[in-house]
Amino acid sequence: MSITPIYRDEYKNIKIKHQVDTLVKRIISTRLNKENIKYMGNDYLAKDYIINNCTMVTLWNAACVLPDSSKVLEIGEQVRSNKLSNIVLITDFDADGLSSAVVLEKSLSIINPNLVVHTIYNKRIYGTGVTQYCLDRLFFIDKVDLIILADHGSSNGEEYDIILERLHNVKIILTDHHQVDYTSMDPVNKHTFPFVNAHRTDIECGSKLIDKEILRSLSGCCVAYLTMLLLAGHDKYKDLEPLLYLVALSTISDVMPLDNPVNRFIVRTGFNYMYSQWPELMNNILKTNKLLPKDLSFGIIPIINTGNRTNNEDLSYRVIKKDDGAIEELEKINRSRKYETRKIVNNLLYTRDKIEYPHSVIGISDSSYSIAGNIAGNIGETLNSYIQ
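Just so we're clear, the structure is a prediction, and the values are computed from it rather than from any experiment.

Peer 1: Quick rundown of the overall build of the protein chain? Include the residues and the values.
Peer 2: Secondary structure assignment for the protein chain yields 17 helices and five strands. Residues counted as buried form 49% of the 388 residues belonging to the protein chain. Counted over contacts in the protein chain with a minimum sequence separation of 6, partners at least 24 positions apart contribute 73%. For the protein chain, the exposed area adds up to about 19500 Å²; of that, 49% sits on carbon and sulfur atoms.

Encoded structure:
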């Protein structure tokens, strides 16, 4: 009888895969009520075959039944042939939006390595959507062929008029997963550029196999990723599979429902790519062998979101781009925020108990750590009361 030896590196990989699989199972189990799993869509989707056998083909099919998918496919031909080669990305500032930025960048580099890509991500201090901050940076770039927006933009309107007036012949693809403000979005209908958002009510989306409710419960990064599959085209979309680690991160950070089979596939597949693509992140999660969802949801993702809460979106972007130095900087800022939060909360609770007021009004001055929300949350949990 011959025995095939398992060498140390192979054993390490087997152990890592087991750890990652265990983490994914625990994340999914905490998001599902096993006695009352609410499958989305029609009865066919409730079958175990569909739930457990999603593949990249499933994602391609999902992309093809998104609103305006045919328009995106047409633009994809021009991107692949260098007819649209100077591309600007404009995304939101949170973990979902910044993950979208990196997914778009990496996808475009795979689709056509000759493209010139510029990235603009919004900052919290300037508000949400396509802000004047975004427009100012856009208009500094020469000869823009294509603008791709991700994880925001469904509440904008006149900004698209401004863009199309200033940049003649530019093409726009708007991808989002938020509700549509139709009081503002008339210019989108007027200009008829691709508006990839399953929450649209002016157009049908989905199919018998992939219900529109499935498409409506995807992260902004996932919608952007599905749009990139369309730009890549049928012959090349599978090359983007390794980028699912970023889509998995956004799926967890935006608390997308994991009774959605597409989200479950993304998390399962993405986490297995995450170790090879982002070893720093997975080592941080796996090194203590505490394979709990909170290690991601309450460990890494808040560090990323610390950036947009402290006017340091650049650091968050660098973390997602795998910059170890940025991780250390944000961890330091996050530790300071936790310390300041705890100190203020303890002082406030001590003062409240000493004065013995049944109701209190608390004023918190502006802080460079932006911790008012954390303080309110901590006090609310401690007192078991609503804090505004």
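Let us keep going from here.
Peer 1: A description of the environment of L146 should follow, citing residues and the corresponding values.
Peer 2: Following the sequence through the fold, L146 ends up in strand 3 (residues 146–150). When the C-alpha positions of L146 and L84 are compared, they lie 6.4 Å apart, and in sequence the two are 62 residues distant.

Peer 1: Mind laying out the nonpolar core, listing which residues take part and the relevant values?
Peer 2: By size, the foremost hydrophobic cluster in this structure holds 74 residues, and its most contacted members are I148, Y225 and L226. Considering each element in turn, this core owes the most residues, eleven residues, to helix 10 (residues 220–232).

Peer 1: Quick rundown of helix 3 (residues 56–64)? Include the residues and the values.
Peer 2: For helix 3, every residue scored as buried is listed here: M56, T58, L59, W60, A62 and A63. N-cap assignment for helix 3: the residue whose side-chain oxygen lies 3.1 Å from the backbone N of V57 is T55.

Peer 1: Summarise the side chain of N86; cite the residues concerned and give the values.
Peer 2: If you trace the backbone, N86 turns up in strand 1 (residues 86–91). Of note is the side chain of N86, whose polar atom sits 2.7 Å from the backbone oxygen of D142. Setting aside its immediate chain neighbours within four residues, N86 contacts V116, H118, I141, D142, K143, V144, D145 and L146.

Peer 1: Could you give an account of the packing of helix 5 (residues 95–111) against helix 10, with specific residues and numbers?
Peer 2: At a minimum axis separation of 8 Å, helix 5 and helix 10 run at an interaxial angle of 10 degrees. It follows that helix 5 is roughly parallel to helix 10 by the angle criterion. Judged by the sense of rotation from one axis to the other, the crossing of helix 5 with helix 10 is right-handed. On helix 10, the residues that touch D96, S99, S100, V103, L104, S107, L108 and I111 of helix 5 are G220, C221, A224, Y225, M228, L231 and A232. Per-class residue counts for the contact of helix 5 with helix 10 are ten nonpolar, four polar and one charged.

Peer 1: Provide a residue-level description of the pattern of salt bridges, including the pertinent values.
Peer 2: Under the counting rule described, the total for this entry stands at six salt bridges. Across the salt bridge formed by E213 and R216, the nearest N and O atoms sit 3.4 Å from each other. Here R216 and E213 lie together in helix 9 (residues 212–216), a separation of three residues that amounts to about one turn. In the salt-bridge network here, residues are joined through shared partners; they are D68, K71, R200 and D202.

Peer 1: Any chance you could break down the packing of aromatic side chains for me, citing the residues and the numbers?
Peer 2: With the rule as written, the count across this model stands at four aromatic pairs. For the ring pair Y121 and Y317, a centre distance of 4.8 Å and an interplane angle of 35 degrees mean the geometry is tilted. Within this pair, whereas Y121 is found in strand 2 (residues 116–121), its partner Y317 is found in helix 15 (residues 313–320), the two being separated by 196 residues in sequence. Just above the ring of F139 sits the side chain of R166; from NZ or CZ to the centre is 4.1 Å.

Peer 1: Please set out the sheet that holds strand 2 residue by residue, giving values where relevant.
Peer 2: Pairing within the open sheet is parallel, and its five strands lie in the order 2-1-3-4-5. Looking at which strands have only one partner, the edges of the open sheet turn out to be strand 2 and strand 5 (195–196). Relative to strand 5, strand 4 (residues 171–175) is paired through two bridges, and the arrangement is parallel. Within the sheet, the bridge partner assigned to T175 lies in strand 5 and is V196. The strands touched by helix 4 (residues 69–80) are strand 1, strand 3, strand 4 and strand 5; relative to strand 4, the strand with the most contacts, the crossing angle is about 125 degrees.

About the criteria used
- Throughout, residues of each chain are indexed from 1 in the direction in which the sequence is written.
- Only residues with pLDDT of at least 70 are given local features in this predicted model, and only at 80 or more are side-chain atom pairs given and counted; all residues enter the totals for whole chains, interfaces and linings.
- Here the side-chain values reflect all heavy atoms present in the structure, with hydrogen atoms and water set aside.
- Strands are runs of DSSP state E lasting at least two residues, helices are runs of H or I lasting at least four, and both sets are numbered from the N terminus onward.
- Each residue is placed in one exposure class: buried if its accessible area under a 1.4 Å probe, protein chains only, is under 20% of its type's maximum, exposed if it is over 50%, and partly exposed if it falls in between.
- Residue contacts are counted whenever heavy atoms from the two residues lie within 4.5 Å of one another.
- Residue burial considers only the protein chains on display, and all accessible areas are found by Shrake-Rupley using a 1.4 Å probe.
- Take the buried Ala, Val, Leu, Ile, Met, Phe, Trp, Tyr and Cys residues and link them wherever side-chain atoms come within 4.5 Å; each set so joined is a nonpolar core.
- Here a polar contact is recorded for every N or O atom pair within 3.5 Å, except that within protein the pair must consist of a potential hydrogen donor and a potential acceptor, and residues adjacent in sequence are included only if both atoms are side-chain atoms.
- The angle between two axes is taken between their N-to-C directions and runs from 0 to 180 degrees, where each axis is a line fitted to C-alpha atoms and a helix contributes only its stretch in contact.
- Any angle that is under 35 degrees is reported as roughly parallel, and any over 145 degrees as roughly antiparallel; angles of 65 to 115 degrees are reported as roughly perpendicular and all others as oblique.
- For a crossing to be left-handed, the near helix must be turned anticlockwise from the far one by less than a right angle; the clockwise case is right-handed.
- Basically, the charged four are Asp, Glu, Lys and Arg, the nonpolar ten are Ala, Val, Leu, Ile, Met, Phe, Trp, Tyr, Cys and Pro, and anything else, Gly included, counts as polar.
- A carboxyl oxygen of Asp or Glu within 4 Å of a side-chain nitrogen of Lys or Arg is what we treat as a salt bridge.
- Here the aromatic set is Phe, Tyr and Trp, taking the six-membered ring for Trp, and pairing holds for ring centres within 6.5 Å; pairs whose planes are under 30 degrees apart are stacked, those over 60 apart are edge-to-face, and all others are tilted.
- Here, over-ring charges are defined by two tests on the NZ atom of lysine or the CZ atom of arginine: distance to the ring centre within 6 Å, and angle to the ring normal within 35 degrees.
- Any two strands between which DSSP finds at least two bridges are classified as paired.

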